[in-house]
Amino acid sequence: MSAQRSARRRAKDALLGYALVLPSLVVFGVFVFYPFVKNFSLALHRTPPFPGLPKKYVGLDQVKDVLSSSEFHKSLRITIEFVMLTVPVGIVLGLLLAVLAHKQLRGMGIYRTIFSSTVATSVAAASVIFWTLFNPQIGLVTYWMGRSGDLGVLEDPKTALIAVAVTTVWQNIGLSFILMSAGLQGVPDDLYEAAAVDGADGARRFWHVTLPMLSPTLFFSAVVGSIMAFQAFGQIDILTRGGPDDATNVLVYSIYEDVFRAGNDGVAAVKAIALFVIVLILTIVQLRVAERRVSYAR
Amino acid sequence: MSGITLSGVTKRFGDTIAVDDVSLTVDDHELLVLLGPSGCGKSTLLRMIAGLEEMTAGEIRIGDRVVNDVEPKDRDLAMVFQSYALYPHMTVRANIEFPLRSRKVPKDQRALQVAEAAEMLDLTDYLDRKPSQLSGGQRQRVALARAVVRRPAAFLMDEPLSNLDAKLRAATRIELVELQRRLEATIVYVTHDQVEAMTMGHRVAILDRGVLQQLGSPQEVYDRPANLFVARFIGTPPMNTVRGRLETAGGTPVVRIGADGVELPGAAAAAAAADGLLEIVLGVRPEHVEIVTDGTPGALTATVEVVEHLGHEQHVVGRLGDGQLVTVRQGSHLPAPPAKSSVRLAVRVEHAHCFDPETGARLG
Ligand SMILES: Nc1ncnc2c1ncn2[C@@H]1O[C@H](COP(=O)(O)OP(=O)(O)OP(=O)(O)O)[C@@H](O)[C@H]1O
Ligand SMILES: [Mg+2]
């Protein structure tokens, strides 16, 4: 009898539990799960050349076509270049600022606030600031580079990606600084003191104590930074719209163009899956390594 | 010549004075213990010697060199931290080798010295492990090995045994003393454990609230405490300190405690008289008080509060007529008086100490 009652009670608890997660389940379902599944189906159907014609099921043909197309390869290469241009520089600059600010000096709080302030800046604001700086007529950067009146850095295929990368690095530096500062806080002071007594100068302490102790943070920043860079969109849309001559047409932007310019959601879906797989791999690597990482607890 | 000389060393953190005008000399090949209660400034003093903390005032010399403005790395010292501060990402070998690499010792020489230090501290089998794979005692030995691998002018140790359990601590204490003897090392050793201080120190420097209270051999500090603080701090159970009025009874100076009077040691009486004191604090170690039969002259009357049995001895805590407590330490073969009974306590005056009740300073 009591078993019966407890079973009923468990059912009631379960019901309440489902009721409580229902709202978020609905939201996730509509905005994540359904589009996710729908995307796979889009990838298997070829979009007709003229709107109004029925979509045709083509199996993996379209996937093969897109993945082997030179257009896809080019945008993947640009995306990877963009990651390489932004992530390492962002980490190094964040680390540099964090090391500088990791001193108990009066007024250091002001610097910490300034260094981390770009977190509170939106991509749009950052892009507009740099758009102005890069402007061929009025931009300070163009002026400094002695290119006033010339082809703007954003219009030159050779410099456009670098310019977008600079904007991105600036935008990310706040987050990088915060992550690195948190990492530095986690290094026990007595390790530095031991190293100092052991005869290590500042540089040796940095290479042999700070960096190794920071390696989990560095790794985390690299992976998260890469994921963010793979997904970059706003600054490209505002600064270059993928141009000039596709020089900044990264994967996400080309997906956007496929859908909203070319109206080809089949091709876009395949690229989206490719991007999903890349980000998934990065995420798995991060989780695996974080799990396996030896704990430095003493 | 690698002694350490401190003169007028002072450290202020804002309003708190952590170390107040400390002057002392650590002799070459000496193991000097800095002893004191928590927060008395021991670590701060040690860290100033290491150069990890700046001095507010004073001068520190290592050998003949004034090191006030010398970087820690150039002071030629080795330090063992309470937390060990081992580099967690390095193997035991790399940890021990680190000070040598920092000082650009050639490779073969390094290997030789690491092997020797590892041998000395019984770490040869663990050289390829990471610190996280070692027990507390092994980590502690790695910290020591990292210190002894180089022959520095002096070793600084900040409570290096406090993270070990009692048994391991006692064993390591003996090993440390042997190590010191073998290396003829100069060591400044910080502890708040008086057993460590008494058993290991050639001399003991006792600090309270940043002020050096007394510097002397363990026996001196025990036998002739310079003031009330030292008297109460050294020894377990602590010294009995009872306050009484100074009187003269038939030409001999006596301390009047309640209805009873205890005869004073001559030197102390003279010093007290010279200072014009009316009251005095009489200090007697528990082993220098005896329970005696009624009628013994010069004894104090007390009521037994508790008797603590420790197996090899017992501590009888009695309350004097005026409320002050006196502990008697006696062998466990002696009969323990029942609680609330009245006993007579005789003080062995030749072992008594007298202190100024206001300044706490020793008299005589
Ligand atoms: N960085 C600091 N800032 C402010 N006050 C400090 C600082 N370091 C130490 N103090 C203060 O200085 C005094 C002495 O500290 P210290 O660490 O030297 O004590 P200690 O004798 O080593 O104590 P323990 O046995 O607990 O280690 C304490 O009152 C402490 O609060
Ligand atoms: Mg301390």
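Below is a short write-up of the structure. This is a predicted model, so every value here is computed, not measured.

How each quantity is defined
Residues numbered from 1 in each chain as written. Chains lettered and ligands numbered in written order. Predicted model: local features only at pLDDT ≥ 70, side-chain atom pairs only at ≥ 80, totals over all residues. Heavy atoms only, no water. Near = heavy atom within 4 Å. Polar contact = N/O pair within 3.5 Å; in protein donor to acceptor, adjacent residues only side chain to side chain. Areas by Shrake-Rupley, 256 points an atom, 1.4 Å probe, with all protein chains shown as cover. Helix = DSSP H or I, 4+ residues; strand = E, 2+ residues; numbered from the N terminus. Nonpolar A, V, L, I, M, F, W, Y, C, P; charged D, E, K, R; others polar. Salt bridge = Lys/Arg side-chain N within 4 Å of Asp/Glu carboxyl O. Contact = heavy atoms within 4.5 Å. Core = buried A, V, L, I, M, F, W, Y, C linked by side-chain atoms within 4.5 Å. Buried < 20%, exposed > 50% of the residue type's maximum accessible area, 1.4 Å probe, protein only.

1. A word on the site of ligand 1
Residues and elements named next belong to chain B. The immediate surroundings of ligand 1 are formed by F13, A18, P37, S38, G39, C40, G41, K42, S43, T44 and E159. Within the backbone of G41, an N or O atom sits 3.0 Å from an oxygen atom of ligand 1. Contact with the protein chains covers 58% of the free accessible surface of ligand 1, which is 630 Å². The leading source of residues in the shell around ligand 1 is helix 1 (residues 42-50), at three residues. Residue classes in the shell around ligand 1 are distributed as four nonpolar, five polar and two charged.

2. What about the pattern of salt bridges?
Residues and elements named next belong to chain B. This structure, assessed with the given rule, holds 26 salt bridges over all chains. Residue E279 is joined to R243 by a salt bridge in which the shortest nitrogen-to-oxygen separation is 2.9 Å. One end of the pair, E279, is in strand 14 (residues 279-284); the other, R243, is in strand 11 (residues 240-249), with 36 residues separating them in the sequence. Between D260 and R344 there is a salt bridge; the shortest N-O distance is 3.5 Å. Of this pair, D260 sits in strand 13 (residues 260-263) while R344 sits in strand 19 (residues 342-347), placing them 84 residues apart in sequence.

3. Digging into the side chain of T217 of chain A
Mapping T217 of chain A onto the fold places it in helix 9 (residues 202-230). Ignoring any residue separated from it by four or fewer positions in sequence, one finds T217 of chain A in contact with L179, M180 and G183 of chain A.

4. Here we look at the nonpolar core
Among the nonpolar cores identified, the biggest contains 95 residues, and I4, L6, L45 and I60 of chain B are the most heavily contacted of them. In terms of residues, this core owes the most to one element, helix 3 (residues 70-101) of chain A, which gives 10 residues. Apart from residues lying up to four places away in sequence, L45 of chain B is in contact with L6, V9, V19, V22, L34 and L207 of chain B.

Read these as geometric descriptors, not functional statements.
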